[in-house]
Amino acid sequence: MRSKKTSVGLPADSTSERAPVWLEPGAGFPLLRFDNTFVRELPGDPDTLRAVRGVRGACFSPILPLPVREPRLVAHAFEVARLLDLSEAVCASDAFTAIFAGNALAPGMEPYAACYGGHQFGTWAGQLGDGRAISLGEVLNAEGQRWELQLKGAGATPYSRTADGRAVLRSSIREFLCSEAMAHLGVPTTRALSLVSTSDRVVRDMFYDGQPRSEPGAIVCRVAPSFLRFGNFEIFAARGEVDVLTRVCDYTLRHHFPELGAPAPETYAAWLTEVCRRTAVLVAHWMRVGFVHGVMNTDNMSILGLTIDYGPFGFLDHFDPGFTPNTTDAAERRYRFSNQPLVAKWNLVKLAESLFPLIGSIPPLEDALAIYTATFEAEQSRHFAAKLGLHSAERSLVDELHELLALVETDMTVFFRRLADVPVELGSEASDDALLAPLADAYYPPQDDRTGLSCLSGPARARTVTWLRRYAASVKAEGTPPVLRKQRMNAVNPKYVLRNCLAQLAIDAAEAGDPGLVVELLEVLRHPYDEQPERERFAAKRPDWARRRAGCSMLSCSS
């Protein structure tokens, strides 16, 4: 499958400094209903220059996307298109590609970049903002749902700092695929409508080692009810702009939490409590599927409890509580897998501090944070009981399993999927070998296997068998029939996740001009809990060649 070059927008020999064209109604793109509340109801930057600067007293800066050369639609998610009432015929049109490359604008769009701040790696970074993301507006679909459209990689904004506002194909493929993969896994997330490649080259120093290289560029259209994040509130609290902070909070309550009631100190406290609850639910889902965000700065935390900003993320291959996919985090490992619940609470503390001027009392903040802890613990317990096929599981059973998974290199995804095949219903009649046989593929071979022994041997093997027999007793006590237990477990333990090695193979092929693997992976990841016998190769554990290859083990923030 080859991507299609559009004829709408810039000719191949034009410069990328030209403004996007405005499409007339009926020019190959439907007339969508835009209701751009963010720019209508909140204070904006009076300066329309693209120049990087400090923006005071404003929630956004009006800015147009910078068009690109020869945009080509690599892939799109038809499910997201349906949310916007866009047909497949529209998605195949030149107008669709031009719009979501930033070369054209549809009637009703009011592009802007948002102003926000954030704590990065635990340190206040001041003003950050949308440095390469430009929101096109908010669409109301036929069901009355509100969806904000945002182009990532659409060009420089006043918040780009020293960057160019562009994105490279490799990071764009990863974000496009993982946004959709997470949605189909049942994890709260922003979505991705489209992935467009360009003939423009983008220079990036992937490893921050002083050896930049030119890479193909791309643009992803991200879709969410809102891209508001903790940093949208932190920036105004930090600057003492309480009037703007109040307006942003009231806007958020009005449009995203109307059930909480009219603005008042107790309403702000109830809102913080709900944000804490949603964040706990989100992080528990991350832990359930072995997802590591990689850069949990406060500006990357959604106020709606969505996974946002897919950068140096990774799914666990072998179960390692200390794993971080982010090279920038390699020394401190602040954002390692096991630390994500604690970091999320730390981030919520910073949000709570920002809201203190409106709430005016410490106890409601403490109560909200306590809700985070209680919710996370309850969700974590519920998820892991379900992963074991149990209605409830003793914490010691789950904790011991996590210890066992870390004793030897054990693929988390494969292990939980194969656990459903362990004949626990046989109880004491099952031999040790019979219990372990279904799990054999979950273990990585030793890197230096001079002994010829299985990597699961000695004390690790004995402890695993003991745990399996204890687990079998728990299953027997609940009395769930074997077939039903397997069905339940397979419904929550995915067979397919976006491993970094799979994403890298798709990137390699796309950079060589063939986007076919991107499209095929998207289809596989639409059905993560199904068997898909014809696609078994995508369910295999990480191959040895990917153990230390760039893009397969750890990644940088460079994109």
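All figures in this text were calculated on a predicted structure; none of them were measured in a lab.

What counts, and where the lines are drawn
- Residues numbered from 1 in each chain as written.
- Predicted model: local features only at pLDDT ≥ 70, side-chain atom pairs only at ≥ 80, totals over all residues.
- Heavy atoms only, no water.
- Helix = DSSP H or I, 4+ residues; strand = E, 2+ residues; numbered from the N terminus.
- Rg over C-alpha atoms; globule rule 2.2 N^0.38 Å.
- Buried < 20%, exposed > 50% of the residue type's maximum accessible area, 1.4 Å probe, protein only.
- Contact = heavy atoms within 4.5 Å.
- Areas by Shrake-Rupley, 256 points an atom, 1.4 Å probe, with all protein chains shown as cover.
- Lys, Arg positive; Asp, Glu negative; His and termini not counted.
- Charge placed at Lys NZ, Arg CZ, Asp CG, Glu CD.
- Salt bridge = Lys/Arg side-chain N within 4 Å of Asp/Glu carboxyl O.
- Polar contact = N/O pair within 3.5 Å; in protein donor to acceptor, adjacent residues only side chain to side chain.
- Pairing = 2+ DSSP bridges.
- Phe/Tyr/Trp six-rings, centres within 6.5 Å; stacked < 30°, edge-to-face > 60°.
- Lys NZ or Arg CZ within 6 Å of the ring centre and 35° of its normal.
- Expected span 1.5 Å × (residues − 1).
- Arc of directions from axis to C-beta.
- pLDDT = per-residue confidence, 0-100.
- Axes fitted to C-alpha atoms, helices over the stretch in contact; angles between N-to-C directions.
- Parallel < 35°, antiparallel > 145°, perpendicular 65-115°, else oblique.
- Nonpolar A, V, L, I, M, F, W, Y, C, P; charged D, E, K, R; others polar.
- Core = buried A, V, L, I, M, F, W, Y, C linked by side-chain atoms within 4.5 Å.

A. Spatial organisation of the overall build of the chain. Summing up its helical and strand segments, the chain has 17 helices and 15 strands in all. Taken over the C-alpha trace, the chain has a radius of gyration of 24 Å; the compact-globule value for 559 residues is 24 Å, and the two agree within 12%. A principal-axis box enclosing the C-alpha atoms of the chain has dimensions of 75 × 60 × 50 Å. Counting every position in the chain, which comprises 559 residues, the buried fraction comes to 59%. Within the chain, contacts between residues at least 6 apart in sequence are counted, and of these 74% link residues at least 24 apart. Working note: accessible area of the chain is about 21,400 Å², and carbon and sulfur atoms make up 54% of it. Charge-centre separation for the chain: the mean point of 60 positive side chains lies 2 Å from the mean point of 67 negative side chains.

B. Representation of the side chain of arginine 166 in the model. Inspection of the secondary structure puts arginine 166 in the loop between β10 (146-152) and β11 (167-168). Although arginine 166 lies buried, it forms no salt bridge, and the closest oppositely charged side chain, aspartate 200, sits 4.9 Å away as judged by the N-O distance. In this structure the side chain of arginine 166 is engaged in a polar contact, spanning 3.3 Å, whose partner is the backbone oxygen of proline 67. A distance of 3.4 Å separates a polar atom in the side chain of arginine 166 from the backbone oxygen of alanine 154.

C. Structural context of the pairing of β10. Taking burial as the measure, the seven residues of β10 include seven buried ones, the bulk of the element. Counting the residues that bridge the hairpin from strand β9 (residues 133-140) to β10 gives five residues, and of these glycine 144 lies at a positive phi of roughly 85 degrees. Here β10 runs beside strand β13 (residues 213-224); their pairing, made up of five bridges, is antiparallel. Along β13, the bridge assignment pairs leucine 151 with cysteine 221.

D. Representation of the packing of aromatic side chains within the structure. For the structure on display, the rule yields 19 aromatic pairs. For the pair phenylalanine 38 and tyrosine 251, a centre-to-centre distance of 5.8 Å together with 85 degrees between the ring planes defines the contact as edge-to-face. In this pair, phenylalanine 38 sits in helix α1 (residues 37-41) while tyrosine 251 sits in helix α7 (residues 242-256), placing the two residues 213 residues apart along the sequence. Here phenylalanine 38 matches tyrosine 251 in class, with each residue buried. The interplanar angle of 80 degrees and the centroid separation of 6.1 Å between the aromatic rings of phenylalanine 319 and phenylalanine 337 together place this pair among those described as edge-to-face. Remark: phenylalanine 337 occurs in the loop between β15 (314-315) and α9 (340-359) and phenylalanine 319 occurs in the loop between β15 and α9; sequence separation between them is 18 residues. Ring pairing ties together the aromatic residues Trp286, Phe291, Tyr310, Phe313 and Phe315, which thus form one cluster. One Lys or Arg, arginine 334, reaches over the ring of tryptophan 346 and ends 4.7 Å from the middle of that ring. Geometry around phenylalanine 416 places lysine 387 over its ring, the cationic atom sitting 4.3 Å from the centre.

E. Representation of the pattern of salt bridges. Using the criterion set out here, one finds 41 salt bridges in the structure. Measuring nitrogen to oxygen at the nearest pair gives 2.6 Å for the salt bridge that ties arginine 229 to aspartate 309. Of this pair, arginine 229 sits in the loop between β13 and α6 (231-238) while aspartate 309 sits in the loop between β14 (291-292) and β15, placing them 80 residues apart in sequence. Relative accessible area serves as the criterion here: at 1%, arginine 229 is assigned to the buried category. In this structure, aspartate 399 engages arginine 395 in a salt bridge whose closest nitrogen and oxygen atoms are separated by 3.6 Å.

F. Here's a closer look at the pairing of strand β8 (residues 123-127). In this sheet, β8 lies alongside strand β7 (residues 117-120) in antiparallel orientation, the contact comprising three bridges. Within β8, the position partnered with glutamine 120 by the bridge is threonine 123. Hairpin connection of β7 to β8: two residues between the antiparallel strands, including phenylalanine 121 at a positive phi of 55 degrees.

G. Spatial organisation of helix α14 (residues 458-478). A rise of 1.5 Å per residue sets the reference length of α14, with its 21 residues, at 30 Å; its end C-alpha atoms lie 31 Å apart and thus fit the reference within 8%. Turning to α14, its buried residues are Ala460, Thr464, Val465, Trp467, Leu468, Tyr471, Ala472 and Val475. An end-on view of α14 places all buried positions within 165 degrees of arc, on one side of the element. Along α14, the residues that are exposed and aim more than 90 degrees away from the buried face are Pro459, Thr466, Lys476 and Ala477.

H. Focus on the environment of leucine 31. Position of leucine 31 relative to the elements: it lies in the loop between β2 (21-22) and α1. A relative accessible area of 63% places leucine 31 in the exposed class. Put simply, leucine 31 and phenylalanine 313 are 282 residues apart on the chain and 36 Å apart in space, counted from C-alpha to C-alpha.

I. Up close: the confidence of the model for the chain. Overall, the predicted model of the chain reaches an average pLDDT of 93, with 94% of residues at or above 70. Confidence over residues 1-16 falls short of pLDDT 50; this stretch has 47 contacts with residues more than four positions distant or in other chains.

J. Highlighting the packing of helix α16 (residues 500-511) against helix α17 (residues 516-525). Direction vectors running N to C along α16 and α17 enclose 150 degrees, while the axes themselves pass 7 Å from each other. One element, α16, and the other, α17, form an angle in the roughly antiparallel class. The segment α16 lies against α17, with Leu502, Ala503, Leu505, Ala506 and Ala510 engaging Leu517, Val518 and Leu521. Taken together, the residues that form the contact of α16 with α17 break down as eight nonpolar, no polar and no charged.

K. Structural context of helix α5 (residues 169-185). With 17 residues, α5 ought to run about 24 Å at 1.5 Å a step, and its terminal C-alpha atoms sit 24 Å apart, in line with that. Burial analysis of α5 places 15 of its 17 residues in the buried class, which makes it a mostly covered element. A positive backbone phi angle near 90 degrees is found at glycine 186, which sits one or two residues after α5.

L. Representation of the nonpolar core within the structure. Grouped together as the largest cluster of nonpolar side chains are 135 residues, with contacts concentrated most on Leu388, Leu419 and Leu498. Ranked by residue count, the leading element in this core is helix α8 (residues 265-289), at 13 residues. Sequence-distant contacts of leucine 498, defined by excluding residues within four places in its chain, comprise Arg174, Leu177, Cys178, Ala181, Phe313, Phe315, Ala503, Leu521 and Leu525. In this structure, Leu73, Ala104, Ala106 and Tyr159 belong to the second largest nonpolar core, which totals 41 residues.

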